[in-house]
Amino acid sequence: MLPVVQALVEALGGNIAIEDAGGKLLFGEATAGPSRFPVSVEDEVLGWVSGSAEAAASIVSLLGHLAAKELERRALAGEVLHLYREVHLIGQLSEELAAVLDAADVGQAALEQALRLIPGTHAGILFREDLDGPLRPLGTHDAPLAPESRFVASVLERGVAEIVNDYPADGRALAEESSLRSLISAPLLTKQRTIGLITLADTGGAPYSAAHLKLLNTIAMQTAAAIENAIASQQLLHREVERQALKLYLPPQVADLIVSSGGTSQLAGVLQPITVLYADIRGFTTMSEEMEARDIVQLLNEFFTAMSGVIFQCNGTLDKFIGDCIMALFGAPVPSERAAQDALDAAMGMQQALMVLNQSRIERNLRPFQIGIGLHCGLAVVGNIGSADRVQYTAIGDTVNVAARLVNKAAGGQIIVSEAIRESLPDFAGFDALGEVDLKGRASKMNIYSVRD
Amino acid sequence: MKILIVDDEPHLRMLIQQTLEDLEDEGVELLTATNGEEALETIRTEEPNLVFLDVMMPKKNGFDVCDAVKNELGLTHVHIVLLTAKGQEFDRLRGQEVGANLYMTKPFDPDALLAKAREVLGL
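Sequence order as written defines the numbering, with residues in each chain counted from 1. As they are written, the chains are lettered A onward and the ligands numbered 1 onward, keeping that order. Local features in this predicted model are restricted to residues whose pLDDT is 70 or higher, and side-chain atom pairs enter the listing and the counts only when it is 80 or higher, whereas totals over whole chains, interfaces and linings include all residues.

(A) Expanded view of the overall build of chain A. A run of H or I in DSSP counts as a helix once it spans at least four residues, and a run of E counts as a strand once it spans at least two, with each numbered from the N terminus. When you go through chain A residue by residue, the secondary structure sums to 11 helices and 17 strands. Looking at the 453 residues of chain A, the share that counts as buried comes to 34%. Field definition: a residue is buried when 20 or more other C-beta atoms are found within 10 Å of its C-beta, exposed when 12 or fewer are, and partly exposed for counts in between, with C-beta atoms placed from the backbone.

As C-alpha cells, then:
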C-alpha cells in the first residue's frame, strides 16, 4: 500500500503527511501543511491527511476508498467466520450426543452448545416420557420456564418453534416469568411425537432472529433423536438387569418371556392353580453339628446348585432356599396344565441328581446325604410379595402349607405326594398309598402316597 | 507481539485471521504465509511469538517447518501449534519429535483457537 501512496504523492508533487485517528504520524513529515483533512468511513474518522488541499483531497479519496473496501472485506470475513463457528458447534454437538447414553447428559450437552450459538441468560429442556406424562427438566442451567408454563403447553401442543421478543406482553406469560424479556423455543420432535421442548430466554431482551430459530431447530432435532436413543438403551439395559435377576429363580425361557412382555411389574398377586415342591435334607441338624461350618456351606451349595438345575429343566420356579430346604413352584408365574407332572418329574430327577452328587462326594471323601420331597397342588396366591425395598416372587396359602407338612413325612430318598397330586396324574402308576395321616395344623386326616422308584 | 498464520488455503487463513482479529486491538500483529518456505522465512525475520502452522502444505510441510524452526534455527521460544485436518491421520510422534507445542484439528473451534492464542501471549 505504502508504495502506491508514495508514488501518488510524488506524482501530485505535494508535501503530504498522514496520521492515524490518534494523531500518530504514519507517513510524511509533521510539517507538511497547516490544513488537515479527515479520512472517514461511515462517519467514523480513521485518520488525517495534511498538506496542500488539492493533493490531500486525492489522498483522502484514495485512502477512504481503500478503507471502505477493507471494512467490507472484514464484514464478509466476520460473517463467514460466524457461519464456520456455527457449523463447527453443530458438528461438535453431533459428536458429543453420539457419545452419551444418558438422557440427562444429552440435555446438558445440548443446552451448553445452544448457549454457545444463541445468546441467552436462561436455557432449559423439558421432557416427557409419555404423551400425557409429567414434564421433567433435563440438564441443569437456569431453566426459563416451569413445566406448568402456559407457553410450554402451547409449544408442545402446536409442535412448532417460536420466538417471542416481547414476552411480558405475550398473553401466555405468567407473573413468575415476568423477568424474561425475549424467548425462543423449539419442540423436541421424534417420528411419532413431541417429547419435550428446548427454550432459551434473555432477561436483557436481546432480540431473537429467524437465524437463531433455524439453529435452535437443528439443535432440537439432534437432541430429540439423542434422547430417544438414550432412553432406548437405558430400557435395554434395565431389561437385561431384570432378566439377570429373574434368571436366579426362574427358568431362563420364563425370565425372557416375562421381561419381553413388560417386566416384573406384571407379577402382581393372582390366585391360580399351582404345584408346590418342598425338598429338604434328612438329618441335617445332626449332620451340621458334626461338620465344620465351611463344609456345611459347601454341602448346601452343591445341593442347591444340583437341585436348581433339575427344577429349571422341569419348568419350575425356584421360590426360595430355607435353611436346608428348597421350595419350588410349578405352574407359576406362567400357568400350566402340566404343572403336577413337571413337579413329579422334578422330584424324581432331584433324587437321581442327588445320587450322582453323593457318588461324587464319596469320591472326594465327603459325607453323602439324603433328601425327602413333598408335593401338593391346589390354588394359591402367587406374585411379588414384600415391601418396596425387598420384594420376592412367591406363593402363599394353604396349598403351600400342606406341601411343607408333606415333606416332613418323607424319609431319605422318598417322595410323598397328596391325594390332589394323585388325582391330577391318573395315568401315573407309581403311587403307593400310605393311608391317612394327620398333618400338623389340619383338622382332618389326609391320604398320602409315596412314589415308587 | 506477533502471530503468524500459515495455511495454503486462503479461506482458512482468512478465517483464522478473523478469529484472532480482536487481538489486533490489543497490539498483536497478525502475519500470514501461504506455504512452508514463506513461513520459515517469516519466522526467521519476524520471530513471531506464536505460529498456527498447517501440516499439509506444498513446498515444505508443517513438520519440516517446525523441525527447522525448533532444531535448526534453535528458535525454541516460538510457540508452534500444528493444524491438521480432521480425519487425516496425524502423526503425533512426528509432531513430538519436531518439537511442536500443540496440535489442533480443522475444522478448528474458533473459541478454542482464540483462547489458546491469548494463553500463549499472556493476554
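(B) Fine view of the nonpolar core. Residues and elements named next belong to chain A. Membership of the largest hydrophobic core comes to 57 residues, with the highest contact counts inside it found for Ile 274, Leu 277, Ile 373, Leu 375 and Ala 403. If you tally residues by element for this core, the top one is helix α9 (residues 339-363), at eight residues. Apart from residues no more than four positions distant in its own chain, Ile 274 is found in contact with Leu 329, Phe 330, Gly 331, Ala 332, Ala 339, Cys 377, Ala 380, Val 382, Ala 395 and Thr 399. Ranked by size, the runner-up nonpolar core spans 42 residues in total, among them Leu 145, Ala 186, Ala 201 and Leu 216. A set of buried Ala, Val, Leu, Ile, Met, Phe, Trp, Tyr and Cys residues, joined to one another through C-beta atoms within 7 Å, is what we call a nonpolar core. C-beta atoms are placed from the backbone for every residue, and two residues are taken to be in contact when these atoms lie within 7 Å.

(C) Fine view of the sheet that holds strand β3 (residues 50-54) of chain B. All names here are of chain B. Across the sheet, which stays open at both edges, the five strands sit in the order β2-β1-β3-β4-β5 with parallel pairing between neighbours. Looking at strand neighbours, the two that pair on one side only are β2 (29-33) and β5 (102-106), the edges of this open sheet. Taken pair by pair, the neighbouring strands of this sheet meet at an average axis angle of 20°, ignoring direction. Here, any two strands with at least 2 DSSP bridges between them count as paired. Here four bridges tie strand β1 (residues 2-6) to β3, and the two strands are oriented parallel to one another. Within the sheet, the bridge partner assigned to Ile 5 lies in β3 and is Phe 52. To get an axis, a line is fitted to the C-alpha atoms, and for a helix only the part in contact is used. The angle between two axes follows their N-to-C directions and goes from 0 to 180 degrees.

(D) Geometry of helix α4 (residues 150-158) of chain A. All names here are of chain A. All of the buried residues in α4 are Phe 151, Val 152, Val 155 and Leu 156. Buried residues in α4, looked at end-on, bunch into an arc of 130°, giving them a common side. For α4, the exposed residues lying more than 90 degrees away from the buried face are Glu 157 and Arg 158. The secondary structure elements touched by the buried residues of α4 are β5 (122-127), β7 (162-164), β8 (182-189) and β9 (194-202). Just downstream of α4 lies Gly 159, where phi reads positive at about 65°. Arc definition: it is the arc formed by the directions from the helix axis to the C-beta atoms.

(E) A look at the interface of chain A and chain B. The partner chain B presents seven residues to the eight residues of chain A that form the contact. Side-chain classes follow a simple rule in which Ala, Val, Leu, Ile, Met, Phe, Trp, Tyr, Cys and Pro form the nonpolar group, Asp, Glu, Lys and Arg form the charged group, and the remainder, Gly included, forms the polar group. Class assignment of the residues belonging to the side of chain A that touches chain B gives a composition of five nonpolar, two polar and one charged.

(F) Main features of the pairing of strand β1 (residues 17-20) of chain A. Residue and element names in this part refer to chain A. Across four bridges, the pairing between β1 and strand β4 (residues 44-50) is antiparallel. Note on β4: the bridge partner recorded for Ile 18 is Val 49. As paired strands, β1 and strand β2 (residues 25-27) are joined by two bridges and run antiparallel to one another. If you follow Ile 18 over to β2, its bridge partner there is Phe 27. The antiparallel pairing of β1 with β2 creates a hairpin that spans four residues between the two strands, and Gly 23 there sits at a positive phi of about 95°.

(G) Representation of helix α4 (residues 62-72) of chain B within the structure. All names here are of chain B. When we look at burial in α4, the residues that qualify are Gly 62, Phe 63, Val 65, Cys 66 and Val 69. Relative to the axis of α4, the buried residues are bounded by an arc of 165° and lie together on one face. For α4, the secondary structure elements touched by its buried residues are α3 (36-46), β3, β4 (79-85) and α5 (92-97). Positive backbone phi, approximately 70°, marks Gly 74, located one or two places after α4.

(H) Focus on the environment of Glu 337 of chain A. Residue and element names in this part refer to chain A. With respect to the secondary-structure elements, Glu 337 resides in the loop between β12 (325-330) and α9. Residue Glu 337 is classed as exposed on the basis of its C-beta count, with 10 C-beta atoms lying within 10 Å. Expressed as a C-alpha distance, the spacing of Glu 337 and Ile 274, which sit 63 residues apart in the sequence, is 9.2 Å.

(I) Spatial organisation of the sheet that holds β2 of chain A. Residues and elements named next belong to chain A. With respect to topology, four strands assemble into an open sheet ordered β2-β1-β4-β3, the strand pairing being antiparallel. Unpaired on one side and paired on the other, β2 and β3 (36-41) mark the two borders of the sheet. Taken pair by pair, the neighbouring strands of this sheet meet at an average axis angle of 35°, ignoring direction. Taken strand by strand, helix α2 (residues 53-99) contacts β3 and β4, and its axis lies near 20° from that of β3.

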